[in-house]
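# Notes for the structure review
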Number of protein chains: 2
Amino acid sequence: MNASRKTIERLSHYRMVLSRLSGQGVQNIYSRELAALADCTPAQVRRDLMVTGYEGNPKHGYNISELKKSLDVFFDFKGNLVAVIVGAGSLGRALIAYFMPKKTMYDIVAAFDSDMNKTGRLINGTPCFHINEMVEKLHDLKPDIALVTVPAESAQEVALKLVKSGVSGILNFAPVRLKVPEKVYVENIDVTMSLEKVAFFSRQYREEKNNG
Amino acid sequence: MNASRKTIERLSHYRMVLSRLSGQGVQNIYSRELAALADCTPAQVRRDLMVTGYEGNPKHGYNISELKKSLDVFFDFKGNLVAVIVGAGSLGRALIAYFMPKKTMYDIVAAFDSDMNKTGRLINGTPCFHINEMVEKLHDLKPDIALVTVPAESAQEVALKLVKSGVSGILNFAPVRLKVPEKVYVENIDVTMSLEKVAFFSRQYREEKNNG
DNA sequence: TCTTAGCTGTTAATTTTTTCACAGCGTGAA
DNA sequence: TTCACGCTGTGAAAAAATTAACAGCTAAGA
């Protein structure tokens, strides 16, 4: 079972699509249909699903609820994952607000910030502590993963503390590449970079359209 | 000049790293050093930079300010890009707050939302209009790109309106894949998916650590 | 001036990812 | 029961991305 990052990405997306369909009462789906919804190819869907072990039926395609169950098992969603968020700026608070109401498998159990105005109170139901208390609190909370929304300058320092406290996965929004030991997984979300990609390719597409 | 998405991503990241270094007074950099900062390999850096046309010096590596200038030209940052944001929820407002103060090349000239409480006023200096006025406003503003932070249910509808108004690039935060005509570029940022990746791989890494 | 160390630019090899293509199967119809 | 359609699962081919390898160059030192 060696699934690439790309495959995991897509499997996660399939899971979301299937949840939506399941809620709409749809029962079966073909690789072709799932591919259309997930914006990839049917072959990709079939190949990706191989890693989950679930097999479809040549006549009816995949049974949505069973496939979803397989994906849940694959992603090992037994219990909720304990997460903390470091940086309670506007982005951090937006993320808390986003994950709080949803019954997701991620429990954001604490936020940390260096701004005294933000600490010592609840942010959307999540307690916010001062960054100086972080190491101590992490010791108690034992989070699995962390979301980092601090400025670029402090991201590396924060990551180091997180790793020392046993965090093995980081979702990093700061536009720097964190240096972490092997066996700590870092995923970066860099909005500026993504915007730049949009700017670049949209212009390229536009020019192609004008020329061709 | 056929740069892949991956290459564009990295070039954008190099640009950011170089800006930072430039501000610190560093003048030259080797591919090896840039690679370390951008978390990739030296060969990758050299290969990526080929597309910009800028050539380094075997003795001193790359001149940072000149390379940055080449990247600016490559990304064609003559003037600012006109952007709008659709959806002024917590994420949308966080993004406005993020891009406003920075002197970036992205001018977010308007926000749109369906919630009357948010419309008809400024959000962090950006005017927020009701979504019903969007088509009309887009006609005047002629934005190049759009950021979409509406719920998944309305994202497709919004995208359609944007495309009709001539937007050729969309940065989509909703967890659906938008159907747009060819020649419109869509980049997706899906926080839940990214978190799921972190959860999956961090666990895998942890298990590998325990077993090996 | 000549030598040398160590870099860049670029081609070639390798690895990874995607796509193709089709055997095999389950179902519904005859 | 038998047939045929159209799907899945998967090995093989193709394409894309990464890495290795090295010729060629530049500047510093002898």
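As the structure is a computational prediction, the values presented were derived from the model and not from experiment. (Residues numbered from 1 in each chain as written. Chains lettered and ligands numbered in written order. Predicted model: local features only at pLDDT ≥ 70, side-chain atom pairs only at ≥ 80, totals over all residues. Heavy atoms only, no water.)

## Focus on helix 1 (residues 5–23) of chain B
All names here are of chain B. With 19 residues, helix 1 extends 27 Å between its outermost C-alpha atoms, agreeing within 8% with the 27 Å of an ideal straight helix rising 1.5 Å per residue. Thr7, Ile8, Arg10, Leu11, Ser12, His13, Tyr14, Arg15, Val17, Leu18 and Leu21 are the residues of helix 1 that are buried. Looking one or two places after helix 1, you find Gly25, whose phi comes out positive at around 85°. (Helix = DSSP H or I, 4+ residues; strand = E, 2+ residues; numbered from the N terminus. Expected span 1.5 Å × (residues − 1). Buried < 20%, exposed > 50% of the residue type's maximum accessible area, 1.4 Å probe, protein only.)

## Looking at the packing of helix 1 of chain B against helix 2 (residues 31–38) of chain B
Residue and element names in this part refer to chain B. One way to put it is that helix 1 packs onto helix 2 with a least axis distance of 10 Å and a crossing angle of 105°. On the basis of their axis angle, the class for helix 1 and helix 2 is roughly perpendicular. Of the residues in helix 2, those touching helix 1 at His13, Tyr14, Val17, Leu18 and Leu21 are Leu34, Leu37 and Ala38. Considering only residue class, the contact of helix 1 with helix 2 consists of seven nonpolar, one polar and no charged. (Axes fitted to C-alpha atoms, helices over the stretch in contact; angles between N-to-C directions. Parallel < 35°, antiparallel > 145°, perpendicular 65-115°, else oblique. Contact = heavy atoms within 4.5 Å. Nonpolar A, V, L, I, M, F, W, Y, C, P; charged D, E, K, R; others polar.)

## Looking at the protein's contact with DNA strand D
The local shell around DNA strand D holds 24 residues, among which Arg32(A), Arg47(A), Glu55(A), Gly56(A) and Tyr62(A) are the closest. Measuring from a phosphate oxygen of DNA strand D, one finds a side-chain N or O atom of Tyr62(A) at 2.7 Å. The set of elements that each furnish at least two residues to the surface near DNA strand D consists of helix 2 (31–38) and helix 3 (42–50) of chain A together with helix 3 (42–50) of chain B. Tallied by class, the residues present in the surface near DNA strand D amount to six nonpolar, nine polar and nine charged. (Near = heavy atom within 4 Å. Polar contact = N/O pair within 3.5 Å; in protein donor to acceptor, adjacent residues only side chain to side chain.)

## A word on the sheet that holds strand 5 (residues 121–123) of chain B
Residue and element names in this part refer to chain B. With mixed pairing, seven strands are arranged side by side in an open sheet as 5-6-4-3-7-8-9. Each edge of the open sheet is held by one strand with a lone partner, namely strand 5 and strand 9 (185–188). On average, adjacent strands in this sheet sit at an angle of 30° to one another, irrespective of strand direction. Where strand 7 (residues 145–148) lies against strand 8 (residues 169–172), four bridges are found, and the strand directions are parallel. Considered in strand 8, the bridge of Leu147 is made with Leu171. Relative to the sheet, helix 5 (residues 90–99) contacts strand 3 (81–86), strand 4 (106–113), strand 5, strand 6 (126–130) and strand 7, its axis offset from that of strand 4 by approximately 160°. (Pairing = 2+ DSSP bridges.)

## Comments concerning the relation of the copies chain B and chain A
Structural alignment of chain B on chain A gives an RMSD of 0.0 Å, achieved by rotating through 180° and translating 0.0 Å along the axis. What the rotation and shift describe, once combined, is the action of a two-fold rotation axis. Interface residue correspondence from chain B to chain A reaches 100%, placing this contact among same-surface, isologous pairings. (Least-squares fit on C-alpha atoms with pLDDT ≥ 70 in both.)

## Some points on empty space enclosed by the protein
Any space left empty among the atoms is revealed by the rolling of a water-sized probe across them. Within this structure, the stated rule accounts for one cavity of 30 Å³ or more. Here the largest cavity is characterised by a volume of approximately 50 Å³. In terms of lining, the largest cavity is formed by Leu91(A), Leu95(A), Phe173(A), Ile189(A), Val191(A), Leu91(B), Leu95(B), Phe173(B), Ile189(B) and Val191(B). Mapped onto the lining of the largest cavity, the elements with two or more residues apiece are helix 5 (90–99) of chain A together with helix 5 of chain B. (1 Å grid on protein atoms, 1.4 Å probe; cavity = no way out; pocket = protein on both sides within 12 Å on 5 of 7 lines; lining within 4 Å. Points joined across faces, edges and corners; volume = space filled by probe spheres on them.)

## Regarding the protein's contact with DNA strand C
Near DNA strand C lie 25 residues; those nearest to it are Arg32(B), Arg47(B), Glu55(B), Gly56(B) and Pro58(B). Those atoms of DNA strand C that come within 4 Å of the protein belong to sugar or phosphate at a rate of 64%. At 3.4 Å, a side-chain N or O of Gln44(A) approaches a sugar or linking oxygen of DNA strand C. Within the side chain of Ser31(B), a nitrogen or oxygen atom sits 2.8 Å from a phosphate oxygen of DNA strand C. Looking at the surface near DNA strand C, the elements that each hand over two or more residues are helix 1 (5–23) and helix 3 of chain A together with helix 2 and helix 3 of chain B.

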